[in-house]
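A structural walkthrough
This is what each chain is made of:
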Amino acid sequence: MRRLYIFAKMTKKPFMKRPFLSIILIFAVVFPTFSQRILKDIAQGTDNARIFATSTFVSGDTLFFAADTIDATRMSYRYYQTNGTTVSTKNLVPDNQMRNTHFYSSNYFYKFKDAVYGFNNNTIFKIKNDSIQSVEFSVYGSSFVSFFELNNEMHLLTQRYLDNTYDFWKVHSSGKTATLYKSISTTESLYYNKGFTLNNKYFQPIFTNDKSLLLQTDGTAIGTTIIENNKMGYSEFQQVGSKVYYPFFVLQQSSFKYQLWSTQGDIASTTKVLTEIDSDTNYTVGSLTKLDNNLYFISYANNRQKVSRLDTISLTVSHISNASFAIQNLQVKNHKIYYSIYDNGMLNFYENNGSIASQKLLFSIPGYYGYKIHIGTSKIYVSRQIDPTEDVINWVYDGNTLKKINDLIPNVYMGSLANSIEVIGDTFCFSASDGQHGYELWRTDGTIEGTYLLKDINTKPASSYPKPMFGLGNYMYFMADDISRGNEVWRTDGTSTALFANMNGSSEFRHVSGSDYHSSIKYRDSQIAYINGGLHQFTLNGELKSLDFLLFYPYSLPQVFKDSIYFAGNDGNIWKTDGTNAGTKKAIQLYFPETGTAHGVISNLTTVGNSLFFTSYNGAVIWKTDGSKNGTIQLKQFTGNSSNTLINHLITWPAQDKLFFTRFNYSISKTELWVSDGTSAGTINLKTNSLINIFGILNNKLYFNYDSELWQSDGTVNGTFKISSTYFISGMNLNNKIYLLHITETGLTAYYELDKNNNIKLLATINEFTNEGFGYPSGFVNIDNRYLLNYISTPSHQHFILTDGNGENTKKVFSLKNSIPIDNEYQFTYHNKKIYFTALDSLKGQELWIWDFECPDGYTVRDGINKDSTVVYGKNIWGQNIVGNNKTVTYDAKNSITLQPGFEAKKGTVFKTKLIGCANNATPNTIQDTSPTINDPLVKVNVDKPQYPQLMDFLYYLPNKHLKDIYERAQLNKLALVSWNIVTEENIYRLDLKIGTNVIKGFLPKKN
């Protein structure tokens, strides 16, 4: 039986302000500490190896590939090789630098002499025999452009993305070092692709907003130059004789066409090869390849496609296939030409020796879009995924019969089309899962006995990598990957955890089609979430509504303003909506097609009081609006072009109707602090030009770390100055104070308080973990606007510290061992008296954890109370506040109520206390949810096949090969924003792929 002891010291005037404690209530019982645990082990078995075609390279009979072996702190890719047998599948032996370098999944390879060279994460490496060695390479912050060889020497071209400088490197004959021999700076360059070698020179086209440039080198500094050549193509360069042929993008009769051009590297020799094909001057060519010094391509003329051959001497075109609406996948292998033709619902695969008479139908499969083909020595493998909710189907054709590989291993999950990797000889390698192992590398030769798992590379426990989204009603919604259904939307009430919606997003670089969550905003009593490039509304009653009628620009997040959702439309204007189609209309017109007036990419929508701020041209111009056309004004146009600025850290200042923001100026590599009051004159640059860490606004002043010192700003130049030389690594507002973190000279973490008068007071110094080695603190997380939480990470543990702003209440609440998530973010989310977060566990991987917060240790009341109130909180309440006149106030805690100096009850106040607190709360659920994870989603999402083809269908259509290359490089290098539109025309679907402000077009023919 528990016993309650209550001690109270009362005076005749118990509620007047006094220097001693007025009431002390003590609950003398030992209570359990906070409960934190894994909520549910969503992903079972071992984790995925994440092997995709983008991280592989075939040389001879060997497949080189990167695979993921997750360690305790991050995602780590290592390199392997195989010739298609288990015994040959092994890790490449790294040198010391390669052993200590973490790599991404995608990379670039090049075969040179008896070695394979690669580039990944600013590292050049060399693979030879069973080893992988780093090549000394003294540059950082570069993206890869190309490998090439000249004069029997290996070369490399990279781009420094901050200043658009291209660096030419020569690899030493030993393969151990690379030497820089030339650097060339350019204007803004948005994209580039593989170049070409001709006449002992290497040529690299690069493209800007308004012109095409051609880098060229003979391997020497003096022979490396740049010229402008606006007739250069982007990709598919094929050398025949002394010329290089390529498709060139031209505007012809109001439509874009790829026509055949050639060059010898200089402007004078760059000319159009064909003015017409079959009397059609509006022809298009693509998928250039060659065989026996003949040029072959897919031609599109007179609304029909054919496989065509160019006689480079007479410049005449002949056709080697019948006419069709849809020819794809033209390639040369085994000294033969292969391609596919769609006809009457079937995809027919052909072999050809170079003439229409030699055309031979090999086999047919149902469907049109969404397939890959791999041609081996004597076998052909085809992978096709019709529905993102179903496994990819793999076929093998052995020269006589066609059969499904899926039928050979019926209990194995094939996943998405991205799992189709490569063929070596006649062995097809692919990623698959048998349920016990994650997606690993498999092989097949088309027989049962020849189809098996090559190696279980990633033996770590499977992780669902949960990402909390938001709390709504009784549930906390989050993204998680259970391996079998990909990354999708789940929800939990802290007891029951289940899949909520399978939204079937992209399968790109994924073993299973999954969804991408970016962010959400609260709108009325719902949440609007940005998922899979579209907006979706989550309601209190558990409904999920698609807002696909909102055609918004996906890189500009919506904002709630005047009880409406404002967003940047993909038409260059600002729209508003109440979440219904009828309630959606254009709010501000910024694009006028009749005059061509436009303002570029709209982004950074931010509400400040009755004003909405936004930027255009990728942050180069900042605006303010009241939601009307006449109330929309341009505040500031920054100098330089759009790539020379980046607006970030938009901090609202509602009390002053102002906006603080930082601008990173790429042209000078400086971070500038700006403020705007919504007028042009009041949009000014404050006197900072280095990295800024903003802590918050207090007493109408902004506090931030600048140049390792504490600064404040009142929004004026003179009012922006240093207030302390102490380096605070992090800070956050709480209860009208800013709390700061500092690492002392002895390596301890110190917690400070900053008040409105700029007084800085030490609250506590944490010194209990020194035996574990150096402890580095994280930044703060706000918990329910009553606590700040952070953790101190030592070599072995993460110790979580909670504070309410009192030194005596700043203490460790729990510790975890080596639990830091892969992305270094625990992502704490408070909802319904529970805290959810993601953490790593050595036995169960990275999963969703729950911290029962129904009965926290205590809370200090500091803010004045001016209305009748009941304060119910946890085990303990410490009162330091003033209660207004004639108010009835009740403090209710489970353990004790302590009125400390600073507490005052004004005249007429009725003050009551209760010792109940959280005692009536349900007992926290301390048992993990072990219910099966294989269940149907709680809400159904329409996953019917779309009427229009998707982005990947365009990218894998060979006439659009240049689009695939552009897209992949833009995604990897992240040099510009990427978006796209799909438009239907009379006979084709058109893709407008946007890289920054440039638009590159592709097409797909419509079905019969």
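Description of the structure in this document. All values derive from a computational prediction rather than experimental measurement. (Residues numbered from 1 in each chain as written. Predicted model: local features only at pLDDT ≥ 70, side-chain atom pairs only at ≥ 80, totals over all residues. Heavy atoms only, no water.)

What follows concerns the packing of aromatic side chains. For the structure on display, the rule yields 58 aromatic pairs. Note on tyrosine 108 and phenylalanine 144: the rings are 4.2 Å apart at their centroids and 20 degrees apart in plane angle, and the pair reads as stacked. Here tyrosine 108 is found in strand E7 (residues 108-112), whereas its partner phenylalanine 144 is found in strand E11 (residues 142-150), with 36 residues between them in sequence. The class for tyrosine 108 is buried, based on a relative accessible area of 16%. Taking relative accessible area as the criterion, phenylalanine 144 reaches 4% and is therefore assigned buried. These aromatic residues form a ring-pair network of at least three members: Tyr791, Phe800, Phe814, Tyr826, Phe828, Phe837, Trp849 and Trp851. In this structure, lysine 170 is placed above the aromatic ring of tyrosine 181, and the distance from its NZ or CZ to the ring centre is 5.9 Å. If you follow arginine 491 out to its NZ or CZ, it ends over the ring of tyrosine 475, 3.7 Å from the centre. (Phe/Tyr/Trp six-rings, centres within 6.5 Å; stacked < 30°, edge-to-face > 60°. Helix = DSSP H or I, 4+ residues; strand = E, 2+ residues; numbered from the N terminus. Buried < 20%, exposed > 50% of the residue type's maximum accessible area, 1.4 Å probe, protein only. Lys NZ or Arg CZ within 6 Å of the ring centre and 35° of its normal.)

Moving on to the nonpolar core. Counting 34 residues, the largest nonpolar core has Phe800, Tyr826, Phe837, Trp851, Phe853 and Tyr891 as its most contacted members. Taken together, the elements giving at least two residues each to this core come down to strand E70 (787-793), strand E71 (797-803), strand E72 (811-817), strand E74 (834-841), strand E75 (845-852), strand E76 (859-861), strand E80 (888-892) and strand E81 (896-899). Not counting residues up to four positions away in its chain, the partners in contact with tyrosine 826 are Tyr791, Gln798, Phe800, Ser819, Ile820, Pro821, Phe837, Thr838 and Ala839. Within the second largest apolar cluster, 30 residues are counted, among which are Tyr258, Tyr338, Trp395 and Tyr967. (Core = buried A, V, L, I, M, F, W, Y, C linked by side-chain atoms within 4.5 Å. Contact = heavy atoms within 4.5 Å.)

Taking strand neighbours across the sheet as the criterion, the four strands line up as E24-E25-E26-E27 in an open arrangement whose pairing is antiparallel. In this open sheet, the two edge strands, each paired with only one partner strand, are strand E24 (284-291) and strand E27 (316-319). With direction set aside, neighbouring strand axes in the sheet form an average angle of 35 degrees. (Pairing = 2+ DSSP bridges. Axes fitted to C-alpha atoms, helices over the stretch in contact; angles between N-to-C directions.)

Moving on, we come to the pattern of salt bridges. One pass over the structure, following the stated rule, counts 18 salt bridges. Between aspartate 68 and arginine 50 there is a salt bridge whose closest N-O contact spans 2.9 Å. With a gap of 18 residues between them, aspartate 68 in strand E3 (residues 62-68) and arginine 50 in the loop between strand E1 (35-40) and strand E2 (56-59) connect regions that are remote in the sequence. Among the ionic pairs, aspartate 130 bridges to lysine 90, the shortest N-O distance being 3.1 Å. Of this pair, aspartate 130 sits in the loop between strand E9 (123-128) and strand E10 (131-135) while lysine 90 is found in strand E5 (residues 90-91), placing the two residues 40 residues apart along the sequence. With a relative accessible area of 35%, aspartate 130 lands in the partly exposed category. On the accessibility criterion, lysine 90 (33% relative accessible area) is partly exposed. When salt bridges that share partners are traced, they join Asp47, Arg50 and Asp68 into one network. (Salt bridge = Lys/Arg side-chain N within 4 Å of Asp/Glu carboxyl O.)

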